[in-house]
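These are the residues of each chain, in order.
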Amino acid sequence: PAAFTLRSHVTSPGQLFKPLLLSPPPQQVSQRQDVCCFSSVPSQPVPPLALTLQGYLRALEPLLPPEELSHTRRMVQEFGRPGGLGAKLQEGLERRARHTKNWISDWWVQWAYLESRQPLPVHSNPAISLPRRDYNDWRSHGQLPVEYMRGKPLCMELYPLLFSSCRIPGPKHDYISRHGRSRRSPTHITVVRNYQFFQLEVYNSDGSRMTESQIHSQLLRIRSQSWKTDKEPMGILTSEHRHTWGQAYNRLLRDKLNKESVRLIETGLFSVCLDSPVMRISDEKYASRKAAQILHGGGTFSNSGNRWFDKTLQFVVGEDGSWGILYEQATAEGPPIATLLDHILDYCEKPDPKRAPLVPLPMPKKLYFHIDREIKRDIEHAKQNLDILINDLDVNVFNFTEFGKELPKKHNLSPNSFIQVALQLAYYRVHNDVCPACDIASQRMFRGGRTEYIRSPMNQTLRFIQAFDNPSVSVRVAMLAGNHYTDFIRICHGIDHHLLGLKLQAIEEGLSIPKIFMDTAYGLATHWKLRTGQVPANTDSVMCFGPLVPDGYAICYNPQADHVHFSITAFNCCEETNAETLAVTLKETLYQLQELLQPAV
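Sequence order as written defines the numbering, with residues in each chain counted from 1. Two thresholds apply to this predicted model, a pLDDT of at least 70 for residue-level local features and 80 or more for giving and counting side-chain atom pairs, whereas whole-chain, interface and lining totals are computed over all residues. To obtain the side-chain values, all non-hydrogen atoms of the structure were included, while hydrogens and water were left out.

A.B. asks: Would you take a moment to explain the sheet that holds strand 13 (residues 437-442) for this structure?
C.D. replies: Paired strands, in this sense, are two strands between which DSSP finds at least two bridges. Secondary structure elements follow DSSP: runs of H or I no shorter than four residues count as helices, runs of E no shorter than two count as strands, and numbering proceeds from the N terminus. With respect to topology, 6 strands assemble into an open sheet ordered 12-18-17-15-13-14, the strand pairing being mixed. In this open sheet, the two edge strands, each paired with only one partner strand, are strand 12 (393-400) and strand 14 (451-456). Between one strand and the next, the sheet's axes are offset by a mean angle of 20 degrees, whatever the strand orientation. Axis definition: a line fitted to C-alpha atoms, over the contacting stretch in the case of helices. Angles run 0 to 180 degrees between N-to-C directions.

See the structure below:
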């Protein structure tokens, strides 16, 4: 048939997910990496200590009362004095920068992700939900070109790491297992449907990649073998608290059959999750439910058993044409994933000139597990805990259609700064307070660079928020300040990763943690009640992730020319936060900011 039809309107995995169109044959990997990943990308410098400490105090000014700010200022001045502890740690970081590829990225991944013991769904793994698609054929071809930002090349090292990699649970911290650069790189993907896992080879025996029609026919064979839902959803185990999953993982791998099945999941290029339809209550809530299903699977009676949350890349394809991607952040991050999705969609519009060779294909291999009493108990506990977590998460996804990024651009304002001010103002109107908030800036203009936080509110933003109804206050002041700070961070003058590096350098040298990191002000400054993320893409996609703290929100947005996609999440267990209330307030705030820029005649 011309499309992979589980139901009458089905997205075609055969078209969307041809791994070899994203990943070159094994023998070509190292050659392409040398060309696209390392050329012309400088090392990441360590910011000046004085600049970071000044930025830290400025960030605290809107958050602390005067007496507490004075106390913290004295502590920071003592830390930063010439010849003091801060100067010594700064020298250590600069020494580290001279002898490592990137002085902070490995530390950041370890501290922010691998040492976290929270479950990966909701708390860590972001999801990107894309518009529902109907396919009548499959197409595609191409490779990812080097990306540029303002004329300068970006580091492309992350892309090869996305494939054939997986997070592995450990007793105290996790680690990343990567197989894409081995002498015999994996040549299969994992397909999961109705909680059943299959190994699908996507290269022919001669090393050539399979054609679209070959992959399509193999997916149909998997479909025919997976009508019934497995009684024990093994993938649910990966949703557990990391320590709990680590113990279950060790029990699971004691059995030879289980060890082989887990190894094939972990080493595969990526996973494809063939989901049952999103539960549809109303058109208004469909977008929210669709994003939630990609994020966590919808629960143990829905599609959560179709996930292996440790896997770096999981493409989710629903029977109703819903689709998206779920990824693990220790290896992957938003902007490269969005670029990858743009590439996939562009690829789908191009014909595949290859004809399928007339050779019989081996049956896709179903992965079996031996489930004893202990593993069955582990699965039951994981199911209960995941359903509690999912029921606690409130997801609100909407498309703001009144205007898009072209409006602020007409007034020479950054669309991102414009939206950030709207988010801050909406939060203030709901809670009558400002809070520590972070957006994300890429550091990929440096080799091995990941991300840095963009802090807000700054003083200008706070003054704007508090005096919004005063016509003498200019929206431009707040937005230009935000735009300036983003540029500041992009050239490596963010404060948070530098502060973290100073703290970890002290630990590395066997010193006591410096007082400024034990101060209550530092705890307040890093209690991110508003976690935001702009993930611009050429498609009408929207990212979704959980709040960083129990009393916070996570907001992601994708500005298009004449509309903006938003997702807002909050936890139901917190009486203070409400995703729907913030969404309604944000819409009203955006209308009012529009009137401020374009007053009615």
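A.B. asks: What exactly am I supposed to notice about unusual backbone geometry here?
C.D. replies: Glycine aside, a negative phi is what most residues show, and trans is what most peptide bonds show. The residue Val122 is not glycine, and still its phi comes out positive at about 75 degrees. The exposure class assigned to Val122 is buried, which follows from its relative accessible area of 1%. Even without being glycine, Ser164 reaches a positive phi, approximately 55 degrees. Within the element layout of this structure, Ser164 appears in the loop between helix 8 (158-161) and strand 4 (165-168). Under the relative-accessibility criterion, Ser164 is labelled buried at 1%. For every residue, the accessible area (1.4 Å probe, protein chains only) is compared with the maximum for its type, and the residue is labelled buried under 20%, exposed over 50%, or partly exposed between those bounds.

A.B. asks: Honestly, the sheet that holds strand 9 (residues 313-318) in this entry has me stumped. Any pointers?
C.D. replies: Each strand in a sheet pairs with another by means of backbone hydrogen bonds, the pair being arranged parallel or else antiparallel. Taken together, 8 strands build an open sheet; the order of strands is 11-7-6-8-9-10-1-16 and the sheet is mixed. On the outer flanks of this sheet lie strand 11 (365-366) and strand 16 (542-544), each paired with one strand and no other. With 2 bridges joining them, strand 7 (residues 196-201) and strand 11 adopt antiparallel strand pairing. If you follow Phe198 over to strand 11, its bridge partner there is Lys366. Set on the sheet, helix 9 (residues 212-225) makes contact with strand 6 (188-193) and strand 7; between it and strand 7 the angle comes to about 155 degrees. Running at roughly 110 degrees to strand 6, helix 11 (residues 256-267) makes contact with strand 6, strand 7 and strand 11 of the sheet. Between two residues, a contact is recorded if the distance between any of their heavy atoms is within 4.5 Å.

A.B. asks: Where do I start with the packing of helix 16 (residues 415-431) against helix 22 (residues 579-597) in this structure?
C.D. replies: Two packed helices can be described by the angle between their axes and the distance between those axes. The N-to-C vectors of helix 16 and helix 22 enclose an angle of 125 degrees; their axes lie 8 Å apart at closest approach. Between helix 16 and helix 22, the angle falls in the class oblique. The hand of the helix 16/helix 22 crossing is right-handed. Two secondary-structure elements touch here, helix 16 through Phe418, Ala422, Leu423, Leu425, Ala426, Tyr427, Arg429 and Val430 and helix 22 through Thr581, Leu582, Thr585, Leu586, Thr589, Leu590, Gln592, Leu593 and Leu597. Under the scheme applied, nonpolar residues are Ala, Val, Leu, Ile, Met, Phe, Trp, Tyr, Cys and Pro; charged residues are Asp, Glu, Lys and Arg; polar residues are all the others, including Gly. When its residues are assigned to classes, the contact of helix 16 with helix 22 shows 12 nonpolar, 4 polar and 1 charged. Roughly parallel covers angles under 35 degrees, roughly antiparallel covers those over 145, roughly perpendicular covers 65 to 115, and oblique covers all other angles. Crossing handedness: left-handed means the near helix sits turned counterclockwise from the far one by under a right angle, and right-handed means the same turn made clockwise.

A.B. asks: Looking at this structure, I do not really get the environment of Cys438. What am I missing?
C.D. replies: Examined against the element boundaries, Cys438 turns out to sit in strand 13. Distance from Cys438 to Thr532, taken between C-alpha atoms, is 6.0 Å for residues 94 residues apart in sequence. Residues within four places of Cys438 in sequence aside, it is in contact with Tyr453, Ile454, Trp528, Leu530, Arg531, Thr532 and Leu548.

A.B. asks: Would you take a moment to explain the side chain of Ser261 for this structure?
C.D. replies: Mapping Ser261 onto the fold places it in helix 11. Within 3.5 Å is the distance limit for a polar contact, defined as a pair of N or O atoms, with the added protein rule that one can donate a hydrogen and the other accept it, and that residues adjacent in sequence qualify only through two side-chain atoms. For Ser261, the side chain forms a polar contact with the main-chain oxygen of Tyr368, separated by 2.6 Å. The residues touching Ser261, leaving out its near neighbours within four places in the chain, are Leu367, Tyr368 and Phe369.

A.B. asks: Hey, could you run me through the nonpolar core in this one?
C.D. replies: A general trend in soluble globular proteins is that nonpolar side chains are found buried together. What makes a nonpolar core is a set of buried Ala, Val, Leu, Ile, Met, Phe, Trp, Tyr and Cys residues whose side-chain atoms join them at distances within 4.5 Å. Within the largest apolar cluster, 41 residues are counted, with the highest numbers of intra-cluster contacts made by Leu313, Ile337 and Leu341. No other element matches helix 13 (residues 334-347), which puts 6 residues into this core. Domain assignment of the residues forming this core places at least three in each of domain 1 (56-109 + 397-597) and domain 2 (116-393). Not counting residues up to four positions away in its chain, the partners in contact with Leu313 are Leu162, Phe163, Phe270, Ser271, Ile325, Leu326, Tyr327, Ile337 and Leu340. Ranked by size, the runner-up nonpolar core spans 40 residues in total, among them Leu120, Leu264, Ile294 and Leu386. Domain start and stop positions are those given by an automatic or database domain assignment.

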